[in-house]
Amino acid sequence: MKLLEERILKDGKVIGGDVLKVDSFINHQMDPALFREMALEWKRIFEGCGINKILTIEASGIGIAAVAGLEFGCPVVFAKKSKSSNTPEHSYSATVKSFTRGTVNDIYVSTKYLNPGDKILIIDDFMATGEAARGLTQLVKEAGAELIGIGIAVEKAFQPGGEELRSMGIRVESLARIKEMSEENGIVFVD
Ligand code: 5GP
């Protein structure tokens with residue numbers, strides 16, 4: 001998606017070779033107009049698939065997924081990371097290692113919000129090792145729901161997550177795919 005690629009080139013910052021900082025339009029300050037264009041692109045890609053629910057993971061997937069939910073006209077569920085006094089009694093859960101923080105979290109979704117028969121689109125901001133997407137996929141499976149596909153804003157295609165999920169037969173649609181990046185030479189996208 002040209003618009004997203006151009007924005008990454010303009011405002012993204014490569015840190016240490018494998019982290020792309022996009023704090024000015026995705027991960028801290030958000031650009032809802034850009035999110036709407038991304039949502040419309042996923043809507044076009046997944047047209048006719050019968051998606052009735054979007055699933056993401058807190059925190060940075062939520063803004064993108066909420067705008068996507070508006071365009072798809074469906075609810076958006078986010079997997080929570082930390083258990084609290086609010087934790088539902090009945091939940092689906094998976095274990096996910098965070099790429100950026102290095103911590104391991106149990107993620108969970110109440111059984112109320114994922115149901116057999118749901119046709120799910122997973123949305124997230126980044127794909128790196130695929131840990132987050134695999135964890136979300138596991139929640140969908142546990143619920144007996146159907147995974148239609150995964151929509152990712154920025155896939156770092158030089159990391160293995162996207163290809164591993166595709167090789168499992170999962171449809172992964174990334175709007176910007178980075179072939180290589182470095183602080184010295186900048187960012188190159190997959191053609
Ligand atoms: P994965 O689970 O695929 O290894 O990593 C995906 C998650 O880690 C995303 O939810 C995202 O929040 C975070 N992440 C991974 N790589 C990057 C990156 O280069 N930049 C930013 N801002 N977040 C990333």
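Residues numbered from 1 in each chain as written. Predicted model: local features only at pLDDT ≥ 70, side-chain atom pairs only at ≥ 80, totals over all residues. Heavy atoms only, no water.

Draft legend 1. Structural detail: the pairing of strand E4 (residues 76-79). Side-chain alternation along E4 places Val 77 and Ala 79 on a buried face and Val 76 and Phe 78 on a face that remains uncovered. Judged from the four bridges that link them, strand E3 (residues 53-57) and E4 form a sheet pairing that is parallel. What sits directly across from Ile 57, in E4, is Ala 79. The parallel pair E3 and E4, bridged by helix H4 (residues 61-72), forms a crossover whose chirality is right-handed. (Buried < 20%, exposed > 50% of the residue type's maximum accessible area, 1.4 Å probe, protein only. Helix = DSSP H or I, 4+ residues; strand = E, 2+ residues; numbered from the N terminus. Pairing = 2+ DSSP bridges. Right-handed = clockwise from strand over helix to strand, strands pointing away.)

Draft legend 2. The arrangement of the nonpolar core in detail. Judged by nonpolar contacts, the single largest core of 34 residues is most densely connected at Leu 4, Ile 8, Leu 20, Met 38, Trp 42 and Phe 72. Those elements that place two or more of their residues in this core are helix H1 (2-11), helix H2 (23-27), helix H3 (32-45), H4, strand E7 (119-127), strand E8 (146-156), strand E9 (172-182) and strand E10 (186-189). It is H3 that contributes the most residues to this core, six residues altogether. Counting residues in each nonpolar core, the second largest holds 25 residues, with Val 77, Val 109, Ala 133 and Ile 170 among its members. (Core = buried A, V, L, I, M, F, W, Y, C linked by side-chain atoms within 4.5 Å.)

Draft legend 3. Summary view of the layout of surface pockets. What the largest pocket holds in volume is close to 720 Å³. Along the walls of the largest pocket sit 31 residues, with Ser 60, Ser 98, Thr 100, Asp 125 and Phe 126 positioned nearest its centre. For the lining of the largest pocket, the secondary-structure elements that each account for two or more residues are strand E2 (19-21), H2, strand E5 (91-97), E7 and helix H5 (131-143). Here the second largest pocket defines a volume of roughly 170 Å³. Forming the boundary of the second largest pocket are 10 residues, of which Phe 78, Lys 80, Pro 88, Ser 110 and Tyr 113 lie nearest the centre. Broken down by element, the residue count for the lining of the second largest pocket peaks at three residues, all from strand E6 (residues 104-110). Across the lining of the second largest pocket, the residue classes tally to six nonpolar, three polar and one charged. (1 Å grid on protein atoms, 1.4 Å probe; cavity = no way out; pocket = protein on both sides within 12 Å on 5 of 7 lines; lining within 4 Å. Points joined across faces, edges and corners; volume = space filled by probe spheres on them. Nonpolar A, V, L, I, M, F, W, Y, C, P; charged D, E, K, R; others polar.)

Draft legend 4. The arrangement of the packing of H1 against H3 in detail. Contact geometry for H1 and H3: axes closest at 10 Å, N-to-C directions at 145°. Taken together, the residues of H3 that come into contact with H1 (itself represented by Leu 3, Leu 4 and Arg 7) are Leu 34, Glu 37 and Met 38. (Axes fitted to C-alpha atoms, helices over the stretch in contact; angles between N-to-C directions. Contact = heavy atoms within 4.5 Å.)

Draft legend 5. Quick look at the pattern of salt bridges. The tally for this structure, following the rule as stated, stands at 15 salt bridges. Close ionic contact of Arg 134 with Glu 164 constitutes a salt bridge, the shortest N to O distance being 3.1 Å. Placement of the pair is Arg 134 in helix H5 and Glu 164 in helix H6 (residues 161-167), with a sequence separation of 30 residues. Members of the salt-bridge network, linked through shared partners, are Arg 7, Lys 10, Asp 11 and Asp 31. (Salt bridge = Lys/Arg side-chain N within 4 Å of Asp/Glu carboxyl O.)

Draft legend 6. Spotlight on the pairing of E10. Pairing of E9 with E10, which is carried by four bridges, proceeds in the antiparallel orientation. Looking at the pairing, Met 181 lines up with Ile 187 of E10. Joining the antiparallel neighbours E9 and E10 is a turn of three residues.

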